[in-house]
Amino acid sequence: GEELEQEIKTKLEKDYFSEAAVHVKVEREFGGGVIYVLGSVTRPGPIALPVNEKFTVLKAMLAAGGPTPFGNSAKIKVIRYGEDGKKYETIVNLERIQAAAEFEKDIALMNGDWLIVPEKLFNF
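Definitions and limits used
- Residues numbered from 1 in each chain as written.
- Predicted model: local features only at pLDDT ≥ 70, side-chain atom pairs only at ≥ 80, totals over all residues.
- Heavy atoms only, no water.
- Helix = DSSP H or I, 4+ residues; strand = E, 2+ residues; numbered from the N terminus.
- Contact = heavy atoms within 4.5 Å.
- Core = buried A, V, L, I, M, F, W, Y, C linked by side-chain atoms within 4.5 Å.
- Buried < 20%, exposed > 50% of the residue type's maximum accessible area, 1.4 Å probe, protein only.
- Pairing = 2+ DSSP bridges.
- Axes fitted to C-alpha atoms, helices over the stretch in contact; angles between N-to-C directions.

Peer 1: Would you mind showing me how to read the side chain of serine 73 here?
Peer 2: Along the chain, serine 73 falls in the loop between helix H2 (57-63) and strand S3 (76-81). Sequence-distant contacts of serine 73, that is, excluding residues within four places in its chain, are made with Pro67, Val92, Asn93, Leu94 and Glu95.

Peer 1: Explain the nonpolar core here, please?
Peer 2: One recurring pattern in soluble globular proteins is that nonpolar side chains are buried together. Ile35, Val57, Leu94, Leu109 and Leu115 are the most contacted members of the largest nonpolar core, which totals 19 residues. If you list the elements that add at least two residues to this core, you get strand S1 (34-39), H2, S3, helix H3 (94-99) and strand S5 (114-117). Here this core gets four residues from one element, more than from any other, and that element is H2. Leaving out residues up to four positions away in the same chain, isoleucine 35 has contacts with Gly45, Pro46, Ile47, Leu49, Phe55, Ala60, Leu109, Met110 and Asp113.

Peer 1: Before we go on, may I ask you to explain the pairing of strand S2 (residues 45-48) in this structure?
Peer 2: The pairing of S1 with S2 spans four bridges and is classified as antiparallel. Bridge pairing in S2 places isoleucine 35 opposite isoleucine 47. The hairpin turn running from S1 into S2, its antiparallel successor, is five residues long.

Peer 1: Sorry if this is basic, but what is going on with the sheet that holds S2 here?
Peer 2: Neighbouring strands of a sheet are bound in pairs by backbone hydrogen bonds; such pairs are parallel or else antiparallel. One open sheet holds the five strands; their spatial order is S2-S1-S5-S3-S4, and the pairing between them is mixed. What marks the edges here is a single partner per strand, and that holds for S2 and strand S4 (87-92). The average angle at which neighbouring strand axes cross in this sheet is 25 degrees, direction not considered. Pairing analysis gives four bridges linking S1 to S5, with the strands arranged parallel. Bridge pairing in S5 links glycine 39 to valine 117.

Peer 1: Before we go on, may I ask you to explain the environment of leucine 38 in this structure?
Peer 2: Of note, leucine 38 is situated in strand S1. Along the backbone, leucine 38 and valine 117 are 79 residues apart, and their C-alpha atoms lie at a distance of 6.3 Å. Among residues more than four places away in sequence, those in contact with leucine 38 are Pro44, Trp114, Leu115, Ile116 and Val117.

Set out below in structure tokens:
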């Protein structure tokens, strides 16, 4: 970043400005990583994680357009693979988190996490 700033600054001052202030922000694609949302959501698929933000299950569900009318947001499964290759599963009850505004119980997601939103089971 700094080398690029200096190079641009030097060229601008040579041809156009007596003194140029140049700031370059380099953003990598998927700078914070990526998670995958599957199941009963409006827009399933990958979601890029923001770089400097705690990205939680609720934020991922908002980015995925929320659950479908049949999606069960009380039983969202978060699957994470540890560096040891082990699979870890957690169930997040987003309905309770939203209803009680218990956002501290909303877990932060990490690169490579999978969210699976099941369908509600109906008993007729």
